[in-house]
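Fold and geometry: a report
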Amino acid sequence: MLSVLAIGIEVTMILTLVGISYGTLDEAARHARGVGADILVRPPGASVISLSTSPMSQEFLPFFMKQPHVTFATGTMIQPLSGLDTLTGVDLADFDKLSGGFRFLKGGPFEHDDDLIVDEYYAREKKLTVGSTIELMNRPWRVSGIFESGKLARVCAQLTVLQTLTGSPRKLSQIYLKVDDPNRAQPVVEGLRAKLPGYFIHTMEEFTSYLTINSVALLRNFIGVVIGIAIVVGFIVVSMAMYTAVLERTREIGILKALGASSSYILDLLFRETLVIAVIGTGLGIAMTYGTQWLMMHAVPASLTQETVYKWWPIAGAISITGALLGAIFPGWKAVKQDVIQALSYE
Amino acid sequence: MKILDTKLNLFICIAVVSGAATGWAQSTAEIFSRLDRAAPSFMGATATLRVTTHTAVINEDETQTGTVTVKRFGPNELHFLIKFTGENAQTIALKGEKLEIYYPKLNTIREYDIGKYKDVAQKLSLLGFGTPGRELAANYEVSNLGGDRVESQDSVHLQLTPKAADVLKQLTRVDLWISVKNNSPVQQKFQLPGGDYRLVTYSDVSVNPPHLPASALDLPKNAKRERMN
């Protein structure tokens, strides 16, 4: 029973972390698509020469507006908060033109410099309502509105306020472009790349397609480490459980051998038992994954988004079964090597 | 033809006269030798600085002004603190592998571990501060463009092209003006791909000031600290 539970936890661990990785990336893609832009422009990577993350000047906006087929350009500033959270500086009037604006569930747009707007999940996680105060970036902010999730970001402040606070007036982290015909986005991107070498310029479709586990090296490595740990945990748990089982059944094994059971017959018995434990454990693990998903949705809906990734079910199952079977090798060998006389006299 | 000869003679005269006037013009070997001699005794410096960042595609120049303090903590260990004032107020401190940025309006310090980029950040940002000539020769193809006068200071103008391919991708050329008086940089121009550049001009440079405690590079103690990576 304990072995089944341990394997279940192992499978839950794998599926939960894979689900969070997929969920986080899909959530980012959903927010990006929600902006309503056709093209995303980001500055070249962090530069050791400027000792900055090379934010772009707001003067790029009129430059982009003059480009063929570009009908609108606006930018945002992104500031990191704790964990994976960010605070996005946005010009609401421009954002309205780009995407149709936020749909407020409670309250409304910014009224004062220290106002924030947050999405429903962030509000639920942090227990915020309109008029609540929250401390971010070492200063208090008042929540002026709660909007429907899925557009741009979870937490937004006024662009100019964020620029001033960070000593980066007229600076932007990224720029969104709208073109007259979405089918023309790719040629516009290619034209801009020629004019702005080194800049990250992609259609939104391209950008969201990059948000996969394989394209984010950190996540890929993270999942690799988790799988490695899971295999080791499965191996140790099953190894100990089966070793104990072999010790407990020393007499039974001795009787079987005395009755003429071959080594392969005893190994087959042990491995079949291990397989049953691993399969039941995998099923339990998959079931428990729905529990962690529910927990995340209710405890930290804004910070962690967990998806059910069905294609990982057989992978997680194979990992747990492999770990379990590997763990059964030594106890199996021990059982096969037992002396019949000693086994029969074992108390 | 005669007009051409006259112009050529005039040019030669100007060149000779300017060479005579700029008595600080030296051969590259002499400059390197001078920098090699000065480097070991470099312990620190303070200066005011003006940084102009030019973005070619939009033809925009952004200027930041402030002060810089440099202090040597070991043979290859230079720490610095750059304090920008005005609307771009920020303080940047590089201490070994740790880059700290202080935002005064947030009273917050963000800490970045720059790890393997430490040497590049230190050597590029502080290019000319206690830099031996042999180090310049090792890392750059150097052209000596002769004597020049920048910010009312007599200097030699060196044009440096990085030898390392990975640096060359980010930095196509550096123009460095070294003061004849105290062997410190008067101006650095970092030429980036695509025509962008970053021009850093130093004035009121004090090399090895008598009182430069380690605390001169400290950021406010009461600020909130955030680790960014």
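Each remark here, short or long, concerns the structure printed above.
Because the structure is a prediction, the values reported are computed rather than measured. (Residues numbered from 1 in each chain as written. Chains lettered and ligands numbered in written order. Predicted model: local features only at pLDDT ≥ 70, side-chain atom pairs only at ≥ 80, totals over all residues. Heavy atoms only, no water.)

Overview of the pairing of strand β1 (residues 44-55) of chain B
Residues and elements named next belong to chain B. Sheet topology note: the β1/strand β2 (residues 60-74) ladder contains twelve bridges and is antiparallel. Paired with Thr 52 across the bridge in β2 is Thr 63. Between β1 and β2, which pair antiparallel in sequence order, lie four residues; one of them, Asn 59, sits at a positive phi of approximately 50°. Relative to strand β11 (residues 197-207), β1 runs antiparallel, the two being bridged by nine bridges. Within β11, the residue paired with Thr 46 across the bridge is Ser 206. (Pairing = 2+ DSSP bridges. Helix = DSSP H or I, 4+ residues; strand = E, 2+ residues; numbered from the N terminus.)

Some details on helix α6 (residues 185-195) of chain A
Residues Ala185(A), Val188(A), Val189(A) and Leu192(A) constitute the buried set of α6(A). An end-on view of α6(A) places all buried positions within 100° of arc, on one side of the element. (Buried < 20%, exposed > 50% of the residue type's maximum accessible area, 1.4 Å probe, protein only. Arc of directions from axis to C-beta.)

Remarks on the interface of chain A and chain B
Tallying the contact residues gives 27 residues for chain A and 33 residues for chain B. Taken together, the connections running from chain A to chain B amount to two salt bridges. Here Arg170(A) ties to Glu87(B) by a salt bridge, and the two come within 3.0 Å at their closest N and O atoms. Put simply, chain A and chain B have eight residue pairs in polar contact (both at pLDDT 80 or more) between them. Within the residue set of the side of chain A that touches chain B, elements represented by two or more residues are α2 (60-65), β3 (70-80) and α5 (159-165) of chain A. Classifying every residue of the side of chain A that touches chain B gives 13 nonpolar, nine polar and five charged. (Contact = heavy atoms within 4.5 Å. Salt bridge = Lys/Arg side-chain N within 4 Å of Asp/Glu carboxyl O. Polar contact = N/O pair within 3.5 Å; in protein donor to acceptor, adjacent residues only side chain to side chain. Nonpolar A, V, L, I, M, F, W, Y, C, P; charged D, E, K, R; others polar.)

So, the packing of helix α1 (residues 2-34) of chain A against helix α10 (residues 263-299) of chain A
Packed helices, taken two at a time, are described by their axes: the angle between them and the distance between them. Residue and element names in this part refer to chain A. Contact geometry of α1 with α10 gives a least axis separation of 6 Å together with a crossing angle of 45°. Considering the angle they form, α1 stands oblique to α10. As for how α1 packs across α10, the hand of that crossing is right-handed. For the pair formed by α1 and α10, the contact residues are Ser 3, Val 4, Leu 5, Ile 7, Gly 8, Ile 9, Val 11, Thr 12, Leu 15, Thr 16 and Ile 20 on the first element and Ile 277, Ala 278, Ile 280, Gly 281, Thr 282, Leu 284, Gly 285, Ile 286, Met 288, Thr 289, Thr 292 and Met 296 on the second. A class-by-class count of the residues in the contact of α1 with α10 yields 14 nonpolar, nine polar and no charged. (Axes fitted to C-alpha atoms, helices over the stretch in contact; angles between N-to-C directions. Parallel < 35°, antiparallel > 145°, perpendicular 65-115°, else oblique. Left-handed = near helix turned anticlockwise from the far one by under 90°.)

Comments concerning the pattern of salt bridges
Residue and element names in this part refer to chain B. In the structure shown here, the tally under the stated rule is 25 salt bridges over all chains. The salt bridge involving Asp 36 is made with Arg 134; its shortest N-O contact spans 3.3 Å. With Asp 36 in helix α2 (residues 28-38) and Arg 134 in helix α4 (residues 133-139), this pair connects stretches of sequence that are 98 residues apart. Asp 36 sits in the partly exposed class, given a relative accessible area of 24%. Linking Asp 175 and Arg 173 is a salt bridge whose minimum nitrogen-to-oxygen distance equals 3.0 Å. Since its relative accessible area comes to 2%, Asp 175 is described here as buried. Counted as one network, the salt bridges with shared partners bring together Lys 95, Lys 98, Glu 100, Glu 111, Asp 218, Lys 221, Arg 225 and Arg 227.

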